[in-house]
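# Architecture at a glance
Now for the letters of each chain:
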Amino acid sequence: MHNWLAFSSGRGLASVMGKIGRPLTPVQVTGEERAHLETLARKRNAPAREVSRARMILLAAQGHSNTEIARRTGVCAPTVSYWRRRFHQRGLLGLTELPRSGAPRQISDQAVERVVRTTLERTPPGATHWSTRRLAARLGLSHQSVARIWRAFGLQPHRTEGFNLSNDPHFVAKVRDVVGLYLNPPDNALVLCVDEKSQIQALERAQPVLPLVPGRPERQSHDYFRHGTASLFAALDVATGRVIGSVKSRHRSREFLAFLRQIEQEVPTGLPIHVVVDNYATHKTAAVARWLRRRPHWQLHFIPTHASWLNQVERFFGLITTQTIRRSSFCSVPHLKEAILAYIDEHNSDPKPFRWTATADSILGKVAAICNELR
């Protein structure tokens, strides 16, 4: 009796069971595997199951028991034992998902190749691109199969994108100059992106706009009345996102010079001012040059031709167009001007700068890739 009680005490039983139970699968991790597992365990955007498996193997390599690892990772001990065995048998590859059972493939590799080659190398008679149903009828497949193959290979025949290469002989130097202002602005200086959005039409819908209701979007008539045009001059502070704006009836050097004077009145004095502008003729007249010579702390940085995307104020023009101008109905040019200035005031009440991330090298690399395709 006494011997049985001694044997069945908690510590004695655990010791005996540790000796007679199933032995732990050994886990040996190389330096390269450890670095990979530690990186995976720290990733916040990795799948949770992969992070958990990486932590299991790292703890197992430290000599912890399955029970202790299960407690730390929030899984059960049999799960820890399973991934121990998988890692022991296959290494890092064993921690990935194995192919699951399912119905056998009904489309051969040759059929997939025909779909891809036909999509890339041919066009249907009388059309510029394939649709899933038209290509499926041509190749004897279902349109769902064609759609799945297109998704797998990233093919989107229905889409097209535009591009326009600059012919500016100083393209590289100008890109590096402007991007350098965005990524490494000079200390104690002001960087402004200036441009004009010209010929904004004051359009009044011929019929009242039907408002948004549940189950139906806002509806507008296609007909409209033109009441004239206006031009928006804007200067975007790259550091703060604040916009200085002015709406004028014409778009000449005289109006551009008046806007420069407005900027001078509204910005802090005593700071060097770097202005990013395009190559429009109104920015290079003799009157503008004389005005700048009297202000040596002003410096203009010209973007390359056909490269308006390099001027951050264009992003602001895109916002005001989609959020105010395009869907509004204006009964007069003063009504249009009022709406534009109200949008700028609302924007400046809580301005947020745009975050420029593209380096000059990455931009030039993409341009070089397009040039290589055109050869």
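Note: the structure precedes this text.
Below: a short report on this structure. (Residues numbered from 1 in each chain as written. Predicted model: local features only at pLDDT ≥ 70, side-chain atom pairs only at ≥ 80, totals over all residues. Heavy atoms only, no water.)

### A closer look at the side chain of T73
- Here T73 is to be found in helix α5 (residues 66-73).
- The class for T73 is buried, based on a relative accessible area of 13%.
- For T73, the side chain forms a polar contact with the main-chain oxygen of I69, separated by 2.7 Å.
- Filtering out sequence-adjacent residues up to four positions away, T73 remains in contact with S52, R55, M56 and L59. (Helix = DSSP H or I, 4+ residues; strand = E, 2+ residues; numbered from the N terminus. Buried < 20%, exposed > 50% of the residue type's maximum accessible area, 1.4 Å probe, protein only. Polar contact = N/O pair within 3.5 Å; in protein donor to acceptor, adjacent residues only side chain to side chain. Contact = heavy atoms within 4.5 Å.)

### Side note on the pairing of strand β4 (residues 273-277)
- Among the 5 residues of β4, 5 are classified as buried, and the element is accordingly described as predominantly covered.
- Pairing of strand β1 (residues 190-205) with β4, which is carried by 4 bridges, proceeds in the parallel orientation. Its bridge partner being in β4, C193 is matched across the sheet by V276.
- Where β4 meets strand β5 (residues 298-302), 5 bridges bridge the pair, whose relative direction is parallel. (Pairing = 2+ DSSP bridges.)

### A look at the nonpolar core
- Among the nonpolar cores identified, the biggest contains 35 residues, and V175, C193, L232, V276, L310, L336 and I340 are the most heavily contacted of them.
- Elements with a minimum of two residues in this core: α10 (171-183), β1, β2 (224-237), β3 (243-248), α13 (313-325), α14 (333-349) and α15 (360-374).
- Aside from chain neighbours lying at most four places away, what touches L310 is V175, V178, V179, Y182, I303, P304, W356 and I363.
- Core analysis: the second largest hydrophobic core is formed by 20 residues, F233, I244, F256 and I263 among them. (Core = buried A, V, L, I, M, F, W, Y, C linked by side-chain atoms within 4.5 Å.)

### Points about the sheet that holds β2
- Read from one edge to the other, the open sheet built from 5 strands follows the order β3-β2-β1-β4-β5, with strand pairing classed as mixed. Each edge of the open sheet is held by one strand with a lone partner, namely β3 and β5. Averaged over all neighbouring strand pairs, the angle between strand axes comes to 30°, with direction disregarded.
- Across 11 bridges, β1 lies against β2 in antiparallel orientation. The partner of C193 across the bridge, within β2, is L236. (Axes fitted to C-alpha atoms, helices over the stretch in contact; angles between N-to-C directions.)

### Description of unusual backbone geometry
- Although it is not a glycine, Q199 sits at a positive phi angle of roughly 55°.
- As for its position among the elements, Q199 is in strand β1.
- In this structure Q199 comes out as exposed when scored by relative accessible area, which is 54%.
- Even without glycine at this site, H306 takes up a positive phi of about 55°.
- Tracing the chain through its elements places H306 in the loop between β5 and α13.

Read these as layout, nothing more, since geometry by itself doesn't imply function.
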